[in-house]
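Residues per chain are reported as follows:
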Amino acid sequence: TYVDPDMWAPVTGYSNPVLDSRTGIEQAMNAELSGTSGTAFFQRIEQMISGQKPRGSSVVLSLDATVQRAAYEALGDLEGAVVAIEPATGRILALVTSPSFDTNLLASHDTTLVNDTFAELDADPLRPLINRTLKTLNPPASTFKLVVAAAALDSGKYTPESTFPNPPTWVLPGTTTSISNYQGDTCGGAETATLATALKLSCNIPIAQLAVELGDDAIREAAEKFGFNHEFALPLTSAISVFDSGLDDAQTALSGFGQADVTATPLQVALISAGIANDGVLMNPRMVDRVIGPDLSVQQSFENTEFGRALEK
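Residues numbered from 1 in each chain as written. Predicted model: local features only at pLDDT ≥ 70, side-chain atom pairs only at ≥ 80, totals over all residues. Heavy atoms only, no water.

Participant: Would you explain the pattern of salt bridges in this entry?
Facilitator: Close approach of charged atoms lets side chains of opposite charge pair. Tallied over the full model, the rule gives nine salt bridges. Across the salt bridge formed by arginine 91 and glutamate 86, the nearest N and O atoms sit 3.4 Å from each other. Owing to a relative accessible area of 17%, arginine 91 belongs among the buried residues under this scheme. Judged by relative accessible area, which is 28%, glutamate 86 ranks as partly exposed. (Salt bridge = Lys/Arg side-chain N within 4 Å of Asp/Glu carboxyl O. Buried < 20%, exposed > 50% of the residue type's maximum accessible area, 1.4 Å probe, protein only.)

Participant: When you look at a negative patch on the surface in this model, what are you seeing that I'm missing?
Facilitator: Together, Asp154, Glu221, Glu224 and Glu312 make up a region of like negative charge exposed at the surface. Structurally, glutamate 221 can be placed in helix α12 (residues 216-225). (Patch = residues over 30% accessible without salt bridge, like charges linked within 9 Å, V, L, I, M, F, W, Y side chains within 5 Å. Areas by Shrake-Rupley, 256 points an atom, 1.4 Å probe, with all protein chains shown as cover. Lys, Arg positive; Asp, Glu negative; His and termini not counted. Charge placed at Lys NZ, Arg CZ, Asp CG, Glu CD. Helix = DSSP H or I, 4+ residues; strand = E, 2+ residues; numbered from the N terminus.)

Participant: Where do I start with unusual backbone geometry in this structure?
Facilitator: Excluding glycine, most residues fall at negative phi; most peptide bonds, likewise, are trans. In this chain, serine 98 is followed by proline 99 through a cis amide linkage whose omega measures 5°. Mapped onto the elements, proline 99 comes out in the loop between β5 (92-98) and α6 (103-106). Although it is not a glycine, asparagine 229 adopts a positive phi angle of roughly 60°. As for its position among the elements, asparagine 229 is in the loop between α12 and α13 (249-256). For alanine 260, which is not glycine, the phi dihedral falls at a positive 60°. With respect to the helices, strands and loops of the structure, alanine 260 is situated in the loop between α13 and α14 (266-277).

Participant: What's the story with the pairing of β5 in this structure? I'm lost.
Facilitator: Along any regular strand the residues' side chains alternate between the sheet's two faces. Along β5, seven of the seven residues are buried, which leaves the element largely enclosed by surrounding structure. One ladder, built from six bridges, connects strand β4 (residues 80-85) with β5; its direction is antiparallel. Paired with alanine 81 across the two strands is threonine 97, which belongs to β5. Hairpin connection from β4 to β5: six residues lie between these consecutive antiparallel strands, with glycine 90 at a positive phi of about 85°. (Pairing = 2+ DSSP bridges.)

Function cannot be inferred from these measures alone, as they are strictly geometric.
Structure representation (structure tokens):
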């Protein structure tokens, strides 16, 4: 039985022993929850000797119920996802996706009900069964400007005061295609824009020009420091956010403001901000704190670990 099932669906998933199907934490930590993991070996021996029924362990998550509810209620009927991370540790505090579904309906022992419910959810064009926080890839759009800025600052060739031409439109290199800023005018009303201003006002054209100057290799290297082209396991596995190689100048310009073939999960976008907030050090995201046995002993603890330095101070 799942309490507040729609709110927790992307976290808990569901377990159906009749159909032998599981998702979410129910799948990723099934051995611990069922008491069959290696850490519970001696307790299983003790239970066998004493004639006790097998008992599973408890999995304590890092998620904060208050933060989870705030994110869930804020999304409401909107389509989307929310990921909240503790930057200094990588602990996931909220993991919300919308639309969601009632996990109790898929945990039922009524096989007909489960099959009918699954078929209905699977046919829904809004795809409520998909965990958007970890599995949905979309263009990161202007959030990717942070990665380009990080690449520029780490190169040592640019400062926040470095300036770039700031026309209302700009033709992509080697093409006849023009791009514009969000409002279709100069960004901030000046002929030039500093890197700091381009970030503050989310200017497309100055950042696109900067991306071309840096080149796709430098941007990809910076992106990978933030976790792009890498799979994370929380232990729920994420889709791999992608920054491709071999981009031409036009594609590189578009990638500067998160377009072209750049794709990212909501988790990846959250990791960019978390790495910057943690003085440039990116922590591996995780959502399990510890596993506690039936006798309340701590069978396993999960430590905070560094993914690497994403940005120099």
